[in-house]
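# Descriptive structure summary
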Amino acid sequence: MFSLAHGLWKYIFNKTEFHVLILGVDKAGKTTLLEKVKSTYLKGEGLPPDRIVPTVGLNIGRIEDSNAKLIFWDLGGQVGLRTIWEKYYQEAHAIVYVMDAAAESSFEDAKSALEKVLRHEDLKGAPVLLFANKQDLPGVISDEELSRRMHLKELNDRPYRCQAVSAYDGRGIKSGIDWLVEQMERSKRTEVLRERAGVTGQI
Ligand SMILES: Nc1nc2c(ncn2[C@@H]2O[C@H](COP(=O)(O)OP(=O)(O)OP(=O)(O)O)[C@@H](O)[C@H]2O)c(=O)[nH]1
Ligand SMILES: [Mg+2]
């Protein structure tokens, strides 16, 4: 009886935990963005941009909003490091793909790297939030324009949104994450990952 009540209590009150993989080519601003997410949600805990170096290993960030716990995995985007990305695909509920929307010269590389991500079987159905980053810079393109330029054909029926953000001033981050949480909560992939983990109320 106790364990039944305890199980029910856990089911109702435990927040769902989601794993979000932050990908994108080098210098897109992934780590700066993760630190801004941390400082936004954890009240001052993120590193300032001048303390951030190119990522070689894995950066992890944990935040909570009113409904969910999010664990972010931020990986390096240099060409030689991209082979590591797929090791995280199976466990990821969703992808945040970061692009430098002010650096036109990086679009082609960013597009082909994203298309490869979208084709991977282990990420089937994972919602994708494309962050058009660096909106604080002059000459940056909007989220609509970036989405048009990316012209992604391989989205299939996965949830997708392109959101204008700045990892410096924080604009757009919260509304992007709200959207992502909503998508993960209702995603078929979340159900599949939950069943695989075999734990009720926990992922
Ligand atoms: N102006 C501006 N610069 C940014 C923004 N986000 C990141 N940067 C700068 O872009 C550069 C690269 O940022 P990182 O966060 O290290 O990029 P990354 O995508 O993590 O790079 P890798 O770890 O090598 O894959 C740094 O000089 C940042 O300060 C932004 O929103 N606005
Ligand atoms: Mg980085």
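For the structure, check the block above.
Residues numbered from 1 in each chain as written. Chains lettered and ligands numbered in written order. Predicted model: local features only at pLDDT ≥ 70, side-chain atom pairs only at ≥ 80, totals over all residues. Heavy atoms only, no water.

Around ligand 1 lies a shell of 20 residues, among which Lys30, Thr32, Gly77, Asp136 and Tyr168 are the nearest. In this structure, Tyr168 approaches ligand 1 through a side-chain N or O atom, which is 2.7 Å from an oxygen atom. Notes on ligand 1: free accessible area 650 Å², of which the protein chains cover 85%. With respect to the detected pockets, ligand 1 is housed in the largest pocket. A per-element tally of the shell around ligand 1 places helix H2 (residues 30-41) first, with three residues. By residue class, the composition of the shell around ligand 1 is seven nonpolar, eight polar and five charged. (Near = heavy atom within 4 Å. Polar contact = N/O pair within 3.5 Å; in protein donor to acceptor, adjacent residues only side chain to side chain. Areas by Shrake-Rupley, 256 points an atom, 1.4 Å probe, with all protein chains shown as cover. 1 Å grid on protein atoms, 1.4 Å probe; cavity = no way out; pocket = protein on both sides within 12 Å on 5 of 7 lines; lining within 4 Å. Sits in = over half its atoms within 2 Å of the grid points. Helix = DSSP H or I, 4+ residues; strand = E, 2+ residues; numbered from the N terminus. Nonpolar A, V, L, I, M, F, W, Y, C, P; charged D, E, K, R; others polar.)

Taken as a whole, this structure holds one aromatic pair when the rule is applied. Here Trp73 and Tyr88 contribute two aromatic rings whose centre-to-centre distance is 5.6 Å and whose plane-to-plane angle is 55°, an arrangement assigned as tilted. Taken together, the positions of Trp73 in strand S3 (residues 68-75) and Tyr88 in the loop between S3 and strand S4 (94-100) put the pair 15 residues apart, joining distant regions of the chain. (Phe/Tyr/Trp six-rings, centres within 6.5 Å; stacked < 30°, edge-to-face > 60°.)

Turning our eyes to something else, we now look at the side chain of Arg82. Relative to the elements of secondary structure, Arg82 occurs in the loop between S3 and S4. Filtering out sequence-adjacent residues up to four positions away, Arg82 remains in contact with Val25, Asp26, Gly77, Asp109 and Ala113. (Contact = heavy atoms within 4.5 Å.)

What follows concerns the packing of helix H3 (residues 107-119) against helix H4 (residues 143-150). The description of two packed helices rests on the angle between their axes and on the distance between the axes. As a packed pair, H3 and H4 sit with axes 10 Å apart at the nearest point and diverge in direction by 70°. Comparing their axes, H4 and H3 come out roughly perpendicular. For the element pair H3 and H4, the recorded crossing hand is right-handed. Contacts between H3 and H4 pair Phe107, Ala110, Lys111 and Leu114 from the former with Leu146, Arg149 and Met150 from the latter. Of the residues belonging to the contact of H3 with H4, the class tally is five nonpolar, no polar and two charged. (Axes fitted to C-alpha atoms, helices over the stretch in contact; angles between N-to-C directions. Parallel < 35°, antiparallel > 145°, perpendicular 65-115°, else oblique. Left-handed = near helix turned anticlockwise from the far one by under 90°.)

Applying the stated criterion across every chain yields a total of one cavity of 30 Å³ or more. Empty space within the largest cavity amounts to approximately 30 Å³. Lining the largest cavity we find Ile22, Leu33, Leu34, Val37, Phe72, Val96, Phe131 and Ile177. For the lining of the largest cavity, the leading source of residues is H2, giving three residues. Per-class residue counts for the lining of the largest cavity are eight nonpolar, no polar and no charged. (Points joined across faces, edges and corners; volume = space filled by probe spheres on them.)

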